[in-house]
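Secondary and tertiary structure notes
Here are the chains, one letter per residue:
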Amino acid sequence: SFANEGIATLLGGSGNITYTSGVKIIAKYISGKPGINILEALLNDTQVNGKVSMKYFLSAVICKRVREKSGMNGIKKLLCSGKSIEDFLMQTNELIGLNRENFNEYMRKAINEN
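A short tour of the structure in this document, coming up. All of these numbers come straight from a predicted model, not from anything done at the bench.

Things to note about the overall build of the protein chain
On a plain count of helices and strands, the protein chain comes out with six helices and two strands. Going from the N terminus to the C terminus, the protein chain shows its helices and strands as α-α-α-β-β-α-α-α. For a compact globule of 114 residues, the expected C-alpha radius of gyration is about 13 Å, and the protein chain comes in at 13 Å, within 12% of that figure. On the principal axes, the C-alpha backbone points of the protein chain span a range of 35 × 30 × 25 Å. Relative to its full complement of 114 residues, the protein chain shows a buried share of 46%. For the protein chain, the proportion of contacts with a sequence separation of at least 24, taken over those separated by at least 6, is 64%. Working note: accessible area of the protein chain is about 6,000 Å², and carbon and sulfur atoms make up 48% of it. Charge centroids of the protein chain, computed over 15 positive and 10 negative side chains, lie 8 Å from each other.

Describing the packing of helix α4 (residues 54–79) against helix α6 (residues 103–113)
It is at 10 Å that the axes of α4 and α6 come closest, and there the two elements cross at 80°. Overall, the two elements α4 and α6 adopt an arrangement that is roughly perpendicular. The residues of α6 that touch α4, namely those facing Leu-58, Val-61, Ile-62 and Arg-65, are Phe-103, Tyr-106, Met-107, Lys-109, Ala-110, Ile-111 and Glu-113. A per-class count over the contact of α4 with α6 returns eight nonpolar, no polar and three charged.

Concerning the packing of helix α1 (residues 2–12) against α4
Where α1 meets α4, the closest approach of the two axes is 7 Å, and the angle between their N-to-C directions is 95°. The orientation of α1 with respect to α4, classified from their angle, is roughly perpendicular. Between α1, through Phe-2, Ala-3, Asn-4, Glu-5, Gly-6, Ile-7, Thr-9, Leu-10 and Leu-11, and α4, the contact on the second element is made entirely by Lys-55, Tyr-56, Phe-57, Ser-59, Ala-60, Cys-63, Lys-64, Arg-67, Ile-75, Leu-78 and Leu-79. When grouped by side-chain class, the residues that make up the contact of α1 with α4 number twelve nonpolar, four polar and four charged.

A look at the packing of aromatic side chains
Applying the stated criterion across every chain yields a total of one aromatic pair. Between Phe-2 and Phe-88, the aromatic rings sit 5.3 Å apart at their centres with planes inclined by 40°, giving tilted as the arrangement. Pair noted here: Phe-2 is in helix α1 and Phe-88 is in helix α5 (residues 85–96), with a separation of 86 residues, a long-range link.

Details of the nonpolar core
Among the nonpolar cores identified, the biggest contains 38 residues, and Ile-26, Ile-62, Phe-103, Met-107 and Ile-111 are the most heavily contacted of them. Sorting the residues of this core by element identifies α1, α2 (19–31), α3 (38–43), α4, α5 and α6 as the ones contributing at least two each. Residues in contact with Ile-62, not counting those within four places in the same chain, are Leu-78, Phe-88, Thr-92, Ile-96, Leu-98, Phe-103 and Met-107.

Describing the environment of Glu-86
Checked against the element boundaries, Glu-86 lands in helix α5. Judged by its relative accessible area of 41%, Glu-86 is partly exposed. C-alpha separation for the pair Glu-86 and Glu-68, spaced 18 residues apart in sequence, amounts to 22 Å. At a separation of 2.3 Å, a polar atom in the side chain of Glu-86 contacts the side chain of Arg-100.

About the thresholds
- Residue numbering note: each chain is counted from 1, following its sequence as written.
- Where totals are concerned, whole chains, interfaces and linings use all residues; where local detail is concerned, this predicted model gives features only for residues with pLDDT of at least 70, and gives and counts side-chain atom pairs only at 80 or more.
- The side-chain quantities take in all heavy atoms of the structure and omit both hydrogens and water.
- Runs of H or I in DSSP of at least four residues are treated as helices and runs of E of at least two as strands, each being numbered from the N terminus.
- C-alpha atoms define the radius of gyration, and 2.2 Å times the number of residues to the power 0.38 defines the globule rule.
- Exposure categories follow from relative accessible area, calculated using a 1.4 Å probe and restricted to protein chains: below 20% of the type maximum is buried, above 50% is exposed, and the middle band is partly exposed.
- Every residue pair with non-hydrogen atoms within 4.5 Å of one another is taken to be in contact.
- The Shrake-Rupley method, run with a 1.4 Å probe, gives the accessible areas here. Residue values count only the displayed protein chains as cover.
- The sign given to each residue is positive for Lys and Arg and negative for Asp and Glu; His and the chain ends receive no count.
- Each charge is placed at NZ for Lys, CZ for Arg, CG for Asp and CD for Glu.
- In this analysis an axis means a line fitted to C-alpha atoms, helices contributing only their contacting stretch, and an angle means the value between N-to-C directions, from 0 to 180 degrees.
- Note on angle classes: values under 35 degrees are labelled roughly parallel, values over 145 roughly antiparallel, values of 65 to 115 roughly perpendicular, and the remainder oblique.
- The residue classification treats Ala, Val, Leu, Ile, Met, Phe, Trp, Tyr, Cys and Pro as nonpolar and Asp, Glu, Lys and Arg as charged. All others, Gly included, are polar.
- Aromatic contacts are taken between Phe, Tyr and Trp rings whose centres are within 6.5 Å, Trp giving its six-membered ring; a plane angle under 30 degrees counts as stacked, one over 60 as edge-to-face, and the others as tilted.
- For the purposes of this section, nonpolar cores are sets of buried Ala, Val, Leu, Ile, Met, Phe, Trp, Tyr and Cys residues that join through side-chain atoms within 4.5 Å.
- Throughout this description, a polar contact denotes any pair of N or O atoms lying within 3.5 Å of each other; where both atoms belong to protein, one of them has to be capable of donating a hydrogen while the other can accept it, and for residues adjacent in sequence the pair is counted only when both atoms sit in side chains.

Have a look at this one:
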């Protein structure tokens, strides 16, 4: 569901919040919590302000990176990567170099570059 929700949020936002606005809200939230485990926030679908899903918007940032690097073929690979977080991360590692070990650092940078 990470890729499914990510591409949907990238293209159409979520809960009346645009992709850009949601990522800005998450960036502000993360910058105020230097010790946050971003991967755990994604897995637990942490809600920011009770309305911004970390799962949806972090997955959207990942999908944006994949699309920029590999186009829609990369998105298709991500959508077919499997159901577990391990399957998802195996594919993101292949496509954009994002894996469990570098997740927090990579995502902090990606969010701030949006």
